[in-house]
Amino acid sequence: MKVVSGQVMQLMDRRAIGEFGVPGVELMERAGRSCADVIEEAFGEREARRAVIVAGKGNNGGDGFVISRLLAERGWEAPVLLLAAPEAVSGDAAANLARLAPATVKSLPQGVAGAETLLKSATVIVDALLGTGMNSEVSGIYGEAIDLINAAGVPVVSVDIPSGVDSASGKVLGRAVRADITVTFALAKLGNILYPGAGLCGRLVVADIGMPDAVVAGAEGAEYVDAAAAAALFRPRSATAHKGSGGHCLIVAGSTGKTGAAAMAANSAQRSGAGLVTLAVPAALNPVLEQKTTEVMTIPTGPEGAGYLRAGSLAEILAAAAVRDVVALGPGIGTAPSTVYLVHSLLAALDKPLVLDADGLNAVAHNPELLLAGSGRVTVLTPHPGEMARLAGCSIPEVEADRIGCARAFAAKYRVHLILKGARSVIAAPDGSVAINGSGNPGMASGGMGDVLTGVVAAFLGQGYPPFAACQLGAFVHGHAADLLVERLGTQGLNASDVQEMLPVALASLGAPRNTATNN
Ligand SMILES: NC(=O)C1=CN([C@@H]2O[C@H](COP(=O)(O)OP(=O)(O)OC[C@H]3O[C@@H](n4cnc5c(N)ncnc54)[C@H](O)[C@@H]3O)[C@@H](O)[C@H]2O)[C@@H](O)CC1
Ligand SMILES: [K+]
């Protein structure tokens, strides 16, 4: 599913009207009808059927007028509270306002004071105040109306997007409606998908309003990775698979005190369908990692007793990489100067697809130009917002203020694929493509989750998936495994190693193995 900003949706709207001859008033009719259908389905069985529509003066309000008319035709009481003078309404919205009985509409240009009782008496409140045209912080009578809607204790259906949520970023501009259902049109808006807006939408319904296919196809947006999108990217194993076809991962990881990171990255690659996994670790840690892993092979590297990776291991690691399909570098490696030097040397010399994470990222944070050294190689970075901020030379709030813009710009500038972690991880490719991961939950906010993700992405790259697909699948499967655990474990105390063990179940949910005799 494609996700777009409100601005792009407005361009689509104009193309549909201008190039494809779909009248704007017809788009508004379909938008309003889709909302009326959802309201009827969700609340139509109630004894009292009163929908109170709180409308602004733009086209979002216009959808609200259509909803009022259509619900009234179906026997509902559907009064409209218009937060403007009727003369302030124009265009298609005005045409629809004119179709309502005058007694239906209460114009409140001075504010909603006094409307509280009506709002509390509603079966459902329809929030048609502000949609994709919102262009500033909410204040004054719009702010008061939002507070009253939220305080009414009645189910709320938001039209297009909860009023107050910025459709391009999901940010709350001042204050915002908390909806139970949001009906959005043609395509989901970024503000429906990104937090905090995503958390205010309730159940999201994407309604088909007959937007021409060519307009949808031509719209600039991000791919939303849900179970269906992930399943479409996933290639189930063929019946004739062998361990060579699953790919061989080399994980370069670990330092004293951080053997768990190395073990989880390696075990997670193994649990994500890698044919073989080899773990290169500082020599002193080998006995521990032999214990912590079973299927995984290890290469103890560096001088006897070494508890961290050294620059002197470069040749040995390059030789190991030469006979593997993918390298993951960084989990638990620490920041010893010799380790940092090793990372720099590997970046210059490795020609296999590379996943760089954790202290591997910190090793290049002061000079991201180092990422351009291995020309032609696929490089995937998996930063959390703190690591992203260090890489991009900005603050964490700056990253969080524009997660998509930040990820997209860095990926393009340094020709890397990037998974910017956090609720709704952003996946960016060097060509400007962006995807947003739909899986995951707050239980993943604990140590080690990133090490698991590194292993999962490495496994997909090792199996030969194109890098953008490997990143989308990796992020989705990682979050989905955690989602599958929530019912049993909740979101507090859910460990990364639990997620690691759930990975095969998450993978199985994407597709059954192919029987090559009947299905090629
Ligand atoms: N794009 C599409 O494909 C379609 C859009 N439709 C509807 O049209 C909406 C967009 O309509 P508009 O562009 O008219 O915009 P809106 O109705 O979202 O709001 C714009 C109006 O609110 C005012 N405004 C902006 N920010 C404000 C703030 N913070 N406080 C108070 N007033 C503020 C603006 O001056 C303008 O008058 C969509 O959200 C959707 O509901 C549908 O009718 C049909 C199809
Ligand atoms: K709205």
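That block above? That's the structure.
Reading the values: the criteria
- Residues numbered from 1 in each chain as written.
- Chains lettered and ligands numbered in written order.
- Predicted model: local features only at pLDDT ≥ 70, side-chain atom pairs only at ≥ 80, totals over all residues.
- Heavy atoms only, no water.
- Helix = DSSP H or I, 4+ residues; strand = E, 2+ residues; numbered from the N terminus.
- Contact = heavy atoms within 4.5 Å.
- Areas by Shrake-Rupley, 256 points an atom, 1.4 Å probe, with all protein chains shown as cover.
- Lys, Arg positive; Asp, Glu negative; His and termini not counted.
- Charge placed at Lys NZ, Arg CZ, Asp CG, Glu CD.
- Near = heavy atom within 4 Å.
- 1 Å grid on protein atoms, 1.4 Å probe; cavity = no way out; pocket = protein on both sides within 12 Å on 5 of 7 lines; lining within 4 Å.
- Sits in = over half its atoms within 2 Å of the grid points.
- Buried < 20%, exposed > 50% of the residue type's maximum accessible area, 1.4 Å probe, protein only.
- Pairing = 2+ DSSP bridges.
- Expected span 1.5 Å × (residues − 1).
- Phe/Tyr/Trp six-rings, centres within 6.5 Å; stacked < 30°, edge-to-face > 60°.
- Lys NZ or Arg CZ within 6 Å of the ring centre and 35° of its normal.
- Donors = N, O, S within 2.8 Å, 3.2 Å for Na, K, Ca; no water.
- Tetrahedral: all angles 85-135°; square planar, octahedral: opposite > 155°, others 65-115°.
- Salt bridge = Lys/Arg side-chain N within 4 Å of Asp/Glu carboxyl O.
- Points joined across faces, edges and corners; volume = space filled by probe spheres on them.
- Nonpolar A, V, L, I, M, F, W, Y, C, P; charged D, E, K, R; others polar.
- Axes fitted to C-alpha atoms, helices over the stretch in contact; angles between N-to-C directions.
- Parallel < 35°, antiparallel > 145°, perpendicular 65-115°, else oblique.

## A word on the overall build of the protein
- The number of helices and strands found in the protein is 20 helices and 19 strands.
- With respect to the three principal axes, the spread of C-alpha positions in the protein is 85 × 55 × 45 Å.
- When contacts within the protein are restricted to residue pairs at least 6 apart in sequence, those whose partners lie at least 24 apart make up 73%.
- Taken as a whole, the protein presents about 20,500 Å² of accessible surface, with 52% of it coming from carbon and sulfur.
- Distance between charge centres in the protein, computed from 38 positive and 46 negative side chains, equals 3 Å.

## A closer look at the site of ligand 1
- Lining the immediate surroundings of ligand 1 are 25 residues, of which Asn 59, Asn 60, Asp 63, Gly 131 and Asp 160 lie closest.
- Protein chains shield 84% of the accessible area of ligand 1, which is 870 Å² for the free molecule.
- The cavity where ligand 1 resides is the largest pocket.
- Listing elements by their share of the shell around ligand 1, those giving two or more residues are helix 1 (6-18), helix 2 (24-43) and helix 3 (59-73).

## Focus on the pairing of strand 7 (residues 181-185)
- Counted residue by residue, strand 7 has five buried out of five residues, so it is predominantly covered.
- Residues Ile 181, Val 183 and Phe 185 point to one face of strand 7 and Thr 182 and Thr 184 to the other, with burial holding for every one of them.
- Summarising the sheet, strand 6 (residues 156-159) and strand 7 pair through three bridges and their orientation is parallel. Paired with Val 159 across the two strands is Val 183, which belongs to strand 7.
- The sheet contact formed by strand 7 and strand 9 (residues 203-207) spans five bridges and is parallel. Bridging from a neighbouring strand, Val 183 pairs with Val 205 of strand 9.

## Brief notes about helix 6 (residues 140-151)
- If you check helix 6, its first and last C-alpha atoms are 17 Å apart, about what 12 residues at 1.5 Å a residue would give, namely 16 Å.
- Within helix 6 the residues assigned to the buried category are Ile 141, Tyr 142, Gly 143, Ala 145, Ile 146, Leu 148 and Ile 149.
- In the stretch just after helix 6, Gly 153 is the one whose phi turns positive, near 70°.

## Comments concerning the packing of aromatic side chains
- Applying the stated criterion across every chain yields a total of two aromatic pairs.
- Taking the centre distance of 4.5 Å and the plane angle of 40° together, the rings of Phe 410 and Tyr 414 count as tilted. Remark: Tyr 414 and Phe 410 occur in helix 17 (residues 403-414); sequence separation between them is four residues, near one turn of the helix. The two residues Phe 410 and Tyr 414 agree in class, both being buried.
- Geometrically, the ring pair formed by Phe 460 and Tyr 465 is edge-to-face, given 5.2 Å between the ring centres and 85° between the ring planes. We note that Phe 460, like Tyr 465, is buried.
- Taking the ring centre of Tyr 465 as reference, the NZ or CZ of Arg 235 above it sits at 4.2 Å.

## Things to note about the coordination of the potassium ion (ligand 2)
- Protein-derived ligands of the potassium ion (ligand 2) are Asn 60 (OD1), Asp 127 (O), Leu 130 (O), Val 159 (O), Ile 161 (O) and Ser 163 (OG), with the metal-ligand distances lying across 2.6 to 3.1 Å.
- Geometry at the potassium ion (ligand 2) is irregular, judged from the six donor atoms that bind it and their angles of 67 to 176° at the metal.
- All donor residues of the potassium ion (ligand 2) come from one chain, and their arrangement in sequence is N-x66-D-x2-L-x28-V-x1-I-x1-S.

## Digging into the pattern of salt bridges
- Considering all chains together, one arrives at 13 salt bridges under this definition.
- With its nearest N and O atoms 2.7 Å apart, the salt bridge here joins Arg 271 to Glu 501. One end of the pair, Arg 271, is in the loop between helix 10 (259-270) and strand 12 (276-282); the other, Glu 501, is in helix 20 (residues 496-508), and 230 residues separate them in sequence.
- A salt bridge links Lys 421 to Asp 357, with the shortest nitrogen-to-oxygen separation between them at 3.5 Å. Of the two residues, Lys 421 is situated in the loop between strand 17 (417-420) and strand 18 (426-428) and Asp 357 in the loop between strand 15 (354-356) and helix 14 (359-362); the sequence distance between them amounts to 64 residues.
- Owing to a relative accessible area of 14%, Lys 421 belongs among the buried residues under this scheme.

## Here's the deal with the layout of surface pockets
- Each pocket or cavity is described by its volume, and for the largest pocket that value is around 700 Å³.
- Around the largest pocket sit 32 residues that line it, and Gln 10, Asn 59, Asn 60, Thr 132 and Gly 133 are the ones nearest its centre.
- Counting only elements with at least two residues in the lining of the largest pocket, the list comes to helix 1, helix 2 and helix 3.
- Take the lining of the largest pocket: its biggest share by element is five residues, from helix 1.
- When the residues that make up the lining of the largest pocket are grouped by side-chain class, the tally is 13 nonpolar, 11 polar and eight charged.
- Of the voids in this model, the second largest pocket is the one considered here, and its volume is about 600 Å³.
- In terms of lining residues, the second largest pocket is bounded by 28 residues, among which Lys 421, Gly 422, Met 444, Met 449 and His 478 are the most central.

## Some thoughts on the packing of helix 19 (residues 467-489) against helix 20
- Taken N-terminus to C-terminus, the directions of helix 19 and helix 20 make an angle of 110°; their axes are 8 Å apart at the nearest point. Between helix 19 and helix 20, the interaxial angle falls into the category roughly perpendicular. Each of Val 477, His 478, His 480, Ala 481, Ala 482, Leu 484, Leu 485 and Leu 489 in helix 19 lies in contact with helix 20, whose residues at this interface are Asp 498, Val 499, Met 502, Leu 503, Val 505, Ala 506 and Leu 507.
- Its residues assigned to classes, the contact of helix 19 with helix 20 shows 12 nonpolar, two polar and one charged.

## Digging into unusual backbone geometry
- Of note, the bond from Tyr 195 into Pro 196 is cis; its omega dihedral lies within 30 degrees of zero at 5°.
- Phi at Arg 424 takes a positive value of approximately 65°, unusual for a residue other than glycine.
- Mapped onto the elements of the fold, Arg 424 is located in the loop between strand 17 and strand 18.
- According to the relative accessible area criterion, Arg 424 is buried, its value standing at 14%.

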